[in-house]
Amino acid sequence: MKPSPYSSHYDQLRAWMKQKREESGLSLRAVAEAMGRHHSVLGKMEQDRRKIEIVEFIEYCQAIGADPHEGVDLLLKSLKKRSRW
């Protein structure tokens, strides 16, 4: 499978998500329970084995008490470095 041209940007977002979850003191299982999802789904999102859907991302952020705007800003900053807009 050909890697996405956005992989490095998602890598940064995944690292941010995991860092924020760990800072909140929550396990994957606790976050999954709060979201009504199986913990393996969230683990795959954090490990680059599953696509990050925007609604799931927002729910994840709400469950861990993180501001989703911070994660989106991280992506925007990363993309801006790559392009000229």
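Residues numbered from 1 in each chain as written. Predicted model: local features only at pLDDT ≥ 70, side-chain atom pairs only at ≥ 80, totals over all residues. Heavy atoms only, no water.

Visitor: For the overall build of the protein chain, give the residues involved together with the corresponding values.
Guide: Along its length, the protein chain carries five helices and zero strands. Radius of gyration (C-alpha) of the protein chain: 13 Å, near the 12 Å computed for a compact globule of 85 residues. Projecting the C-alpha coordinates of the protein chain onto the three principal axes gives extents of approximately 40 × 30 × 20 Å. Every one of the 85 residues in the protein chain was classed for burial, and the buried ones make up 29%. The long-range share in the protein chain, meaning contacts at least 24 apart out of those at least 6 apart in sequence, stands at 62%. Looking at the protein chain as shown, the accessible area adds up to about 5900 Å², and 52% of this sits on carbon and sulfur atoms. Taken as two groups, the 16 positive and 12 negative side-chain charges of the protein chain have centres that lie 8 Å from each other. (Helix = DSSP H or I, 4+ residues; strand = E, 2+ residues; numbered from the N terminus. Rg over C-alpha atoms; globule rule 2.2 N^0.38 Å. Buried < 20%, exposed > 50% of the residue type's maximum accessible area, 1.4 Å probe, protein only. Contact = heavy atoms within 4.5 Å. Areas by Shrake-Rupley, 256 points an atom, 1.4 Å probe, with all protein chains shown as cover. Lys, Arg positive; Asp, Glu negative; His and termini not counted. Charge placed at Lys NZ, Arg CZ, Asp CG, Glu CD.)

Visitor: Describe the environment of Gly25, naming the residues involved and giving the relevant values.
Guide: Within the secondary structure, Gly25 is located in the loop between helix H1 (7-24) and helix H2 (28-35). What makes Gly25 exposed here is its relative accessible area of 62%. The spacing of Gly25 and Ile64 is 39 residues in sequence and 8.6 Å in space, taken between C-alpha atoms.

Visitor: Any chance you could break down the packing of H2 against helix H3 (residues 39-46) for me, citing the residues and the numbers?
Guide: Helix-helix packing: each pair is described by the crossing angle between the helix axes and the interaxial distance. Relative orientation of the contacting elements H2 and H3 amounts to 115°, with a least axis distance of 8 Å. The crossing of H2 and H3 is right-handed. Residue-level inspection shows Leu28, Arg29, Val31, Ala32 and Met35 of H2 in contact with H3, the latter providing His39, Leu42, Gly43 and Glu46. Tallied by class, residues from the contact of H2 with H3 come to five nonpolar, two polar and two charged. (Axes fitted to C-alpha atoms, helices over the stretch in contact; angles between N-to-C directions. Left-handed = near helix turned anticlockwise from the far one by under 90°. Nonpolar A, V, L, I, M, F, W, Y, C, P; charged D, E, K, R; others polar.)

Visitor: An account of unusual backbone geometry is requested, with residue identities and associated values reported.
Guide: The phi dihedral of Asp48 is positive, around 65°, even though this residue is not glycine. The exposure class assigned to Asp48 is partly exposed, which follows from its relative accessible area of 46%.

Visitor: Account for a nonpolar patch on the surface, with residues named and values stated.
Guide: On the surface, Ile54, Val55, Ile58, Val72 and Leu76 cluster together into a nonpolar patch covering about 410 Å² of accessible area. Elements with a contribution of two residues or more to the nonpolar patch: helix H4 (54-64) and helix H5 (68-82). Top contributing element to the nonpolar patch by residue count: H4, with three residues. Relative to the elements of secondary structure, Ile58 occurs in helix H4. (Patch = residues over 30% accessible without salt bridge, like charges linked within 9 Å, V, L, I, M, F, W, Y side chains within 5 Å. Salt bridge = Lys/Arg side-chain N within 4 Å of Asp/Glu carboxyl O.)

Functional significance is not addressed by these values, which are geometric in nature.
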